[in-house]
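# Per-entry structural report
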Amino acid sequence: MLPDQGKTDATQGPSSRVHRPGNFYTEVTPLAPASANLCLQVQKLILSAVHKIAVMEGENMSFPNAFILLGFSDHPWLEMPLFGVVLVSYILTLMGNSSIILLTLLDPRLQTPMYFFLDNLSVLDLCVTTTIVPQLLVNLWGTKKVIAYWSCFTQAYLIHWTGCTECILLAAMAFDRYVAICRPRQYTVIMRPQMCVQLAAAAWASGLANSLLQATLTLQLHRCGHHTIDHFFCEVPVLIKLACEDTTANDLSLSMGAIPFALVAPFLVLVSYAFIARAVLKLSSAEGRRKVFSTCSSHMVVVTMYYGPATYLYLQPPAKSTQAKFMSFIYCIIPPLLNPLIYT
């Protein structure tokens, strides 16, 4: 059973309780199911648009019919074990995240801001998993390691969208924890349902806007017949490397677009937890510290799992492609699998 999110202020005595709405989702339309539907609809629109471009430009060498995903072909002995690991992880990820969404919708005790954001995180995990894993399983199982042109760019759009969205969503979850710990008396006023919906919508919308910009700019690059990708999925930075023209504008756009997601969002998470740490140090009781730690530990673990591999990945020298692939594998497969376990 998922724990009832701390309704008692960890910084106050037993007589000081934070009263939250009895049914969080009755005050607004649930955004998590709507986000799942939006993800599917945008995926269909992007897939349709890219497919039309592929058909129209089929004779252009910049638009090959398919890309070759090298994946883990340089370690053929690993492919079958990885196939088994990925398949089991895929099934567990689908079951775990779907269960989180279902339980938070059915159990009134879990209809709180924290679990509202957790719903959105589960939807993101499902989007990432269903975008990457099916193609990865196909490539690990067979010898024909190809992906259709339109599938490749659909992957690029969706992966960039979900990655950016998760950065902002984790910052929103950190802000929720800050308000719950440091400003408990104003919690229901600040984290009202409308505010939660606005924060989640801002995360999804900003991620989508950046994805449409970066992936569309990448789509327009000339590749001069280059269609071999040294990775196991298509993402914007890897596709930029295939270009046979100057990519300075693309690299600059990618770097500038990453600032709100890769710098500002983690900074806000750190600031939130700095205030939380200061509040913890002021507590005189060990029980109060334990409650605060119990409330925040799950989110801290998720943040570490998300930003840790991502930071290592982008600090790696370009030549170390093998290490980058294995780190990307951990980054894309493990967090969606473990998130439901961490929060239960």
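Reading the values: rules and limits
- Position numbers for residues start from 1 in each chain and track the written sequence from start to end.
- Whole-chain, interface and lining totals are the exception, using all residues; otherwise, since this is a predicted model, local features are given only for residues with pLDDT of at least 70 and side-chain atom pairs are given and counted only at 80 or more.
- Only hydrogens and water are set aside; all other atoms, that is, all heavy atoms of the structure, feed into the side-chain values.
- Any residue under 20% of the maximum accessible area for its type is buried, any over 50% is exposed, and the rest in between are partly exposed; the area is computed with a 1.4 Å probe on protein chains only.
- Here a strand is any run of E in DSSP of at least two residues, a helix any run of H or I of at least four, and the numbering for each starts at the N terminus.
- When DSSP finds two or more bridges between a pair of strands, those strands are recorded as paired.
- Counting rule for disulfides: a pair of cysteine sulfur atoms within 2.5 Å.
- The contact rule is simple, with two residues in contact once any of their heavy atoms fall within 4.5 Å.
- Comment: axis = line fitted to C-alpha atoms, over the contacting stretch for helices; angle = value between 0 and 180 degrees taken between N-to-C directions.
- Note on convention: near helix rotated counterclockwise from far helix by under a right angle means a left-handed crossing. Clockwise means right-handed.
- Classification convention: Asp, Glu, Lys, Arg as charged; Ala, Val, Leu, Ile, Met, Phe, Trp, Tyr, Cys, Pro as nonpolar; all other residues, Gly among them, as polar.
- We define a polar contact as two N or O atoms separated by no more than 3.5 Å, with the added condition that, inside protein, one atom must be a possible hydrogen donor and the other a possible acceptor, whereas residues neighbouring each other in sequence contribute only through side-chain atom pairs.
- Expected span, for any helix, means 1.5 Å times one less than how many residues it has.
- Axes are fitted to the seven residues ending at a residue and to the seven starting at it; the angle between these axes is taken as the bend at that residue.
- Per-residue confidence from the prediction method is given by pLDDT, with values spanning 0 to 100.
- For our purposes a nonpolar core is just a set of buried Ala, Val, Leu, Ile, Met, Phe, Trp, Tyr and Cys residues, chained together by side-chain atoms within 4.5 Å.
- Candidates for patches are residues over 30% relative accessible area with no salt bridge; among them, like charges are joined within 9 Å and nonpolar side chains (Val, Leu, Ile, Met, Phe, Trp, Tyr) within 5 Å.
- Areas reported as accessible are Shrake-Rupley estimates using a 1.4 Å probe. Residue values count occlusion only from the protein chains shown.
- Any carboxyl oxygen of Asp or Glu within 4 Å of a side-chain nitrogen of Lys or Arg constitutes a salt bridge here.

### So, the pairing of strand S1 (residues 66-69)
The two faces of S1 differ: Phe67 and Leu69 on one face are buried, but Ala66 and Ile68 on the other face are not. Pairing between S1 and strand S2 (residues 146-148): three bridges, direction antiparallel. Bridge pairing links Ile68 to Val146 in S2. Relative to strand S3 (residues 228-229), S1 runs parallel, the two sharing two bridges. Looking across to S3, one finds that Ile68 is bridged to Thr228.

### Details of the state of the cysteines
Counted according to the given criterion, the structure contains two disulfides. The disulfide partner of Cys152 is Cys234, and the S-S distance across this bridge is 2.0 Å. Note on the Cys152 and Cys234 pair: the S-S dihedral is about -110 degrees, so by sign convention the disulfide is left-handed. Linking Cys152 in helix H4 (residues 149-182) with Cys234 in the loop between S3 and helix H7 (236-240), this pair joins segments that are 82 residues apart in sequence. In this pair, the class of Cys152 matches that of Cys234, namely buried. Between Cys167, a free cysteine, and Cys164, which holds the nearest cysteine sulfur, the sulfur-to-sulfur gap is 6.3 Å. With a relative accessible area of 8%, Cys167 lands in the buried category. A disulfide-free cysteine, Cys182 has its sulfur positioned 8.5 Å from the sulfur of Cys296, the nearest such atom. Using a relative accessible area of 27% as the deciding quantity, one classes Cys182 as partly exposed.

### A word on the sheet that holds S3
Strands belonging to one sheet form pairs held by backbone hydrogen bonds; the direction of such a pair is parallel or antiparallel. Spatial strand order, S2-S1-S3: three strands in an open sheet with mixed pairing. Every interior strand has two partners, whereas the edge strands, S2 and S3, have only one. Running over the sheet, H4 touches S1, S2 and S3 and is turned about 85 degrees from S2.

### Considering the packing of H4 against helix H6 (residues 193-219)
Taken N-terminus to C-terminus, the directions of H4 and H6 make an angle of 150 degrees; their axes are 8 Å apart at the nearest point. In terms of crossing hand, the pair formed by H4 and H6 is right-handed. Taken together, the residues of the contact of H4 with H6 sort by class into 16 nonpolar, nine polar and no charged.

### Quick notes on the side chain of Asn97
Within the secondary structure, Asn97 is located in helix H2 (residues 76-106). One polar contact links the side chain of Asn97 to the main-chain carbonyl oxygen of Pro336, over a distance of 3.0 Å.

### Observations concerning helix H8 (residues 248-281)
The first and last C-alpha atoms of H8 sit 48 Å apart over 34 residues, in line with the 50 Å expected at 1.5 Å per residue. For H8, the principal kink sits at Ala258 and spans about 50 degrees; a proline, Pro260, occurs within the next four residues.

### Structural notes on the confidence of the model for the chain
A residue-level look at the chain finds 78% of positions with pLDDT of 70 or above and a mean pLDDT of 82. Confidence, read as mean pLDDT per element, is least for helix H1 (residues 31-56) in the chain (57) and greatest for H6 (95). For residues 56-63, every residue scores under 50 in pLDDT, and the model assigns this stretch 13 contacts once sequence neighbours within four places are set aside.

### Things to note about the nonpolar core
Counting residues in each nonpolar core, the largest one holds 50 residues, and the members touching the most others are Phe117, Leu169, Leu170, Met191, Ile276, Val292 and Tyr307. Within the residue set of this core, elements represented by two or more residues are H2, helix H3 (113-141), H4, helix H5 (187-190), H6, H8 and helix H9 (286-315). Sorting elements by how many residues they give to this core places H4 first, with 14 residues. Setting aside residues no more than four positions away along its own chain, Tyr307 makes contact with Cys167, Leu170, Phe261, Ala265 and Pro266.

### Some thoughts on the environment of Tyr343
Within the element layout of this structure, Tyr343 appears in the segment after helix H10 (321-342). When the C-alpha atoms of Tyr343 and Val301 are compared, they prove to be 9.8 Å apart, with 42 residues separating the residues in sequence.

### Thoughts on a nonpolar patch on the surface
Together, Leu252, Met256, Ile259, Leu263, Val264, Phe267 and Leu268 make up an exposed nonpolar region whose accessible area comes to about 670 Å². Structurally, Leu268 is set in helix H8. Owing to a relative accessible area of 41%, Leu268 belongs among the partly exposed residues under this scheme.

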